[in-house]
Amino acid sequence: MNKRNILITGANGQLGNCLRDLAADYQNLYYYYYTDVDTLDITDATAIDAFVTENRIDIIINAAAYTAVDKAEDDKENAYRINCTAVKNLADVAKKHDLTLVHISTDYVFSGEMATPHVETETTDPKSVYGSTKLAGEQAIVESGCKATVIRTSWLYSEYGNNFVKTMLRLGAERESLRVVCDQIGGPTYAGDLATVIFRLLETGSTLSGTEFYHFANEGVCSWFDFAKTIMEMGGLNCRVEAIPSSDYPAKARRPAFSVFNLGKVKAATGMQIPYWRESLILTINKLQEK
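What you are looking at is a predicted structure, and each value in this text was computed from that prediction instead of being measured. (Residues numbered from 1 in each chain as written. Predicted model: local features only at pLDDT ≥ 70, side-chain atom pairs only at ≥ 80, totals over all residues. Heavy atoms only, no water.)

Q: How should I be thinking about the nonpolar core in this particular structure?
A: It is characteristic of soluble globular proteins that their nonpolar side chains tend to be buried jointly. In terms of nonpolar packing, the biggest core is built from 62 residues, with Ile198 and Phe227 touching the most fellow members. In terms of residue count, the dominant contributor to this core is helix H6 (residues 191–203) (eight residues). Setting aside chain neighbours within four positions, we find Phe227 in contact with Trp155, Tyr157, Phe164, Val165, Pro188, Cys222, Trp277 and Leu281. The next biggest cluster of nonpolar side chains, apart from the first, holds 22 residues, and it includes Ile57, Ala64, Val87 and Ala94. (Core = buried A, V, L, I, M, F, W, Y, C linked by side-chain atoms within 4.5 Å. Buried < 20%, exposed > 50% of the residue type's maximum accessible area, 1.4 Å probe, protein only. Helix = DSSP H or I, 4+ residues; strand = E, 2+ residues; numbered from the N terminus. Contact = heavy atoms within 4.5 Å.)

Structural data, given as C-alpha cells:
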C-alpha cells in the first residue's frame, strides 16, 4: 500500500504535538510533513499551493488557530486572518488538488444559551470575535466545496503548550486559594484523545465529498470550578478552590454558559470508546509530574 502524505499545520501547538506522538502508530499508512508559522505561512495561498504540489500532499490537518479568546476582541484582524483567511486558503488548495482537509473548530460557534447538548446540525450563533472568526472559517470550507472533516471541540488541554490544566497546577502550587467560575458548563478535551479521533476518522474515510461536521470532547460534563477542584486533588495540591459566578470574573469576551456536545455522531463513525474526562485528566497530570 502506498503511504499517503499528510501536511500538519500548527504542528508545534497542543494538538500538533499530540498528533506527532500518535504518528508512529500509523507510520505504515502515512508520511508526515510538520509545519508551523515559521516554516509555512498558511495566510499565503501561493505558499500553500507550492508546498502541497512539491510534497504531493494527500491530506491536510489544520491544527493552527488563533485561540486567545479575550485578546481577539481587540485583535480582530489577526484573529480573522488566521481563523478564516488561512482556512479559506487551505480549503481552496484542497479543492484544487482534490485533497482531504481536516479542520478543528470550537464550541464558541454556538451561543451557549441552550441547555441541551449541541448537535452538529444546530444553528450557530457566536457571541465573541473568536467564535465569529472560527465560524467564518467553517463557512469558507463549506463554500469551497472541498472534501473536509470539521471537528468542533471544547476546553482543550494537554501536557503541551499553555492551557487551563497547566495554569491551575502552577497557580495551585503558588497560592493558598483560587476563585473559579461555577456557572459555565462544558466538556474538557484531552488533545491526545482528539488526535486519536482524527486518525480514526481518516481511517474510516469519513468524508467522501463536501463537508462533514463532528463534535468531540471527553465523556462527561463539569463546570470550570469542578475541573479546577479535580486538578488540585489529582495534582496533590492543597490550594482551596472557591466557586464564583461569571459576573464576579469579568472578561472581555463572552463565554458560552453551556458547551456540552452530543457525541453520538462521532462515536457512530469511529466506534471509539471515548474516555471519561477524569480518566484522561489523571493521565495528563501524571505525564506532567513525570517531566
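Still to come is the rest of the account.
Q: It is not clear to me how the pattern of salt bridges should be interpreted in this structure. Could you clarify?
A: When their charged atoms lie close together, side chains carrying opposite charge are able to pair. Inspection of every chain in the model, using the stated rule, returns 14 salt bridges. The partner of Asp92 in a salt bridge is Lys88, with the nearest N and O atoms 2.7 Å apart. Here the residue Asp92 and the residue Lys88 both occupy positions in helix H3 (residues 76–97), the gap between them amounting to four residues, near one helical turn. The partner of Lys265 in a salt bridge is Glu212, and the shortest N-O contact between them spans 2.6 Å. Residue Lys265 is found in helix H8 (residues 264–270), and its partner Glu212 is found in strand S10 (residues 211–216); the two are separated by 53 residues along the sequence. (Salt bridge = Lys/Arg side-chain N within 4 Å of Asp/Glu carboxyl O.)

Q: Hey, could you run me through the environment of Ile6 in this one?
A: Following the sequence through the fold, Ile6 ends up in strand S1 (residues 4–9). Overall, Ile6 belongs to the buried group, its relative accessible area being 0%. A sequence separation of 26 residues divides Ile6 from Tyr32, and the C-alpha atoms of the two residues are 4.9 Å apart. Not counting residues up to four positions away in its chain, the partners in contact with Ile6 are Tyr30, Tyr31, Tyr32, Tyr33, Ile57, Ile59, Ile61, Phe199 and Leu202.

Q: Explain the packing of aromatic side chains here, please?
A: In this description, a pair of aromatic rings is defined by centroid distance and the angle of the planes. The tally for this structure, following the rule as stated, stands at 17 aromatic pairs. Taking the centre distance of 6.1 Å and the plane angle of 40° together, the rings of Trp224 and Phe227 count as tilted. One end of the pair, Trp224, and the other, Phe227, are both in helix H7 (residues 224–234), three residues apart, so they sit about a helical turn from each other. Just as Trp224 is buried, Phe227 falls in that class too. Joined through ring pairs, the aromatic side chains of Trp155, Tyr157, Phe164, Tyr190, Trp224, Phe227, Tyr276 and Trp277 make up one cluster. For the cation-ring pair, Arg20 lies above Tyr34, with the distance from its terminal atom to the ring centre recorded as 4.4 Å. Here Lys265 stacks its cationic end above the ring of Tyr214, 4.9 Å away from the centre of that ring. (Phe/Tyr/Trp six-rings, centres within 6.5 Å; stacked < 30°, edge-to-face > 60°. Lys NZ or Arg CZ within 6 Å of the ring centre and 35° of its normal.)

Q: Explanation requested: the environment of Val129 in the structure shown.
A: Residue placement: Val129 occurs in helix H4 (residues 129–144). For the pair formed by Val129 and His103, sequence separation is 26 residues and the distance between their alpha carbons is 19 Å. Aside from chain neighbours lying at most four places away, what touches Val129 is Ala72, Glu73 and Lys76.

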